[in-house]
Every structure is written in C-alpha cells, then in structure tokens.
Amino acid sequence: MSTTITRLYSTDSDAAAAVSNLKKVGFLDEMITHISGVGNVGALEAAIERAGVPASHARVYAGHIAQGASLVTVDAPVFTSGRAAQILERYSPIDTGIVF
C-alpha cells in the first residue's frame, strides 16, 4: 500500500531540488513524478491525474503549472510517506488551499 504525497512549487529549481533529495534518501525514479512547464490545462490535468492525484486537486494544480509552477508527487509506501512529506516541505511549497 502506498500514499501519494503532492507539493507545488513556484520555481522548477525548488521542485528539482526536492526530487534530488528524495532520490538521495532512496525514493526510486518510478515513485516520483515532476511536472512543469507552461501548457494546456487539460493535458496538465491528465498528467497530474496519472500521477495519482484526484481530479478535483489536479484541476487546481494544473492552473498553477500552466502559469509556471512545478509539481512533485511521490508514490510513497505508507511507512515512508512521512519522510517524503518532510523532504518536500523543505523546499518552500506553495499553499494551494488543498487539504491533504
């Protein structure tokens, strides 16, 4: 069983640093999704949903990403989800108002 941990960042460099740190502590590439780049909101929503994020949340995140933000998700085994959340919080995520 796993939990999807999601954080949005105002810069791609913050998101990339979070991903790098996740990998350093043992999270595998296949557990991590990093979505960035200005693009079509519908396509962004679909990509975010494929990463395990509920559609209602994906809509909010896609709007931010279309304006230049970056998203990181981690499909973390339950016993490591707290660690993943701690790491993601170190890189100043944006408060989107979405309650986890």
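Please refer to the structure higher up on the page.
Here's a quick rundown of the structure. In this text, all values refer to a predicted model and were calculated from it rather than measured experimentally.

Positive phi, normally seen in glycine, also occurs at Ser-92, with a value near 55°. Residue placement: Ser-92 occurs in the segment after helix 4 (81-89). Residue classification places Ser-92 among the exposed positions, given a relative accessible area of 52%.

All right, on to helix 3 (residues 55-66) then. When the terminal C-alpha atoms of helix 3 are compared, their 16 Å separation across 12 residues agrees well with the 16 Å that a helix rising 1.5 Å per residue should span. On its buried side, helix 3 packs onto strand 1 (2-9), strand 2 (32-36), helix 2 (41-50) and strand 3 (70-77). Of the residues flanking the end of helix 3, it is Gly-68, one or two places downstream, whose phi is positive at about 115°.

Listing the buried residues of helix 4 in full gives Ser-81, Ala-84, Ala-85, Ile-87 and Leu-88. Here the buried residues of helix 4 occupy an arc of 165° about the axis, which is enough to place them on one side. Summarising the contacts, the buried residues of helix 4 are in contact with strand 1, helix 1 (12-24) and strand 3.

Turning to the environment of Ile-98, a few remarks are in order. Mapped onto the fold, Ile-98 is located in the segment after helix 4. The buried category is assigned to Ile-98, whose relative accessible area is 12%. Sequence separation between Ile-98 and His-57 is 41 residues, and the spatial gap between their C-alpha atoms is 7.0 Å. With near-sequence residues (within four places) excluded, Ile-98 lies in contact with His-57, Val-60 and Tyr-61.

Definitions and limits used
- Residues numbered from 1 in each chain as written.
- Predicted model: local features only at pLDDT ≥ 70, side-chain atom pairs only at ≥ 80, totals over all residues.
- Heavy atoms only, no water.
- Helix = DSSP H or I, 4+ residues; strand = E, 2+ residues; numbered from the N terminus.
- Buried < 20%, exposed > 50% of the residue type's maximum accessible area, 1.4 Å probe, protein only.
- Expected span 1.5 Å × (residues − 1).
- Contact = heavy atoms within 4.5 Å.
- Arc of directions from axis to C-beta.

Interpretation note: all reported values are geometric properties and have no functional meaning in isolation.
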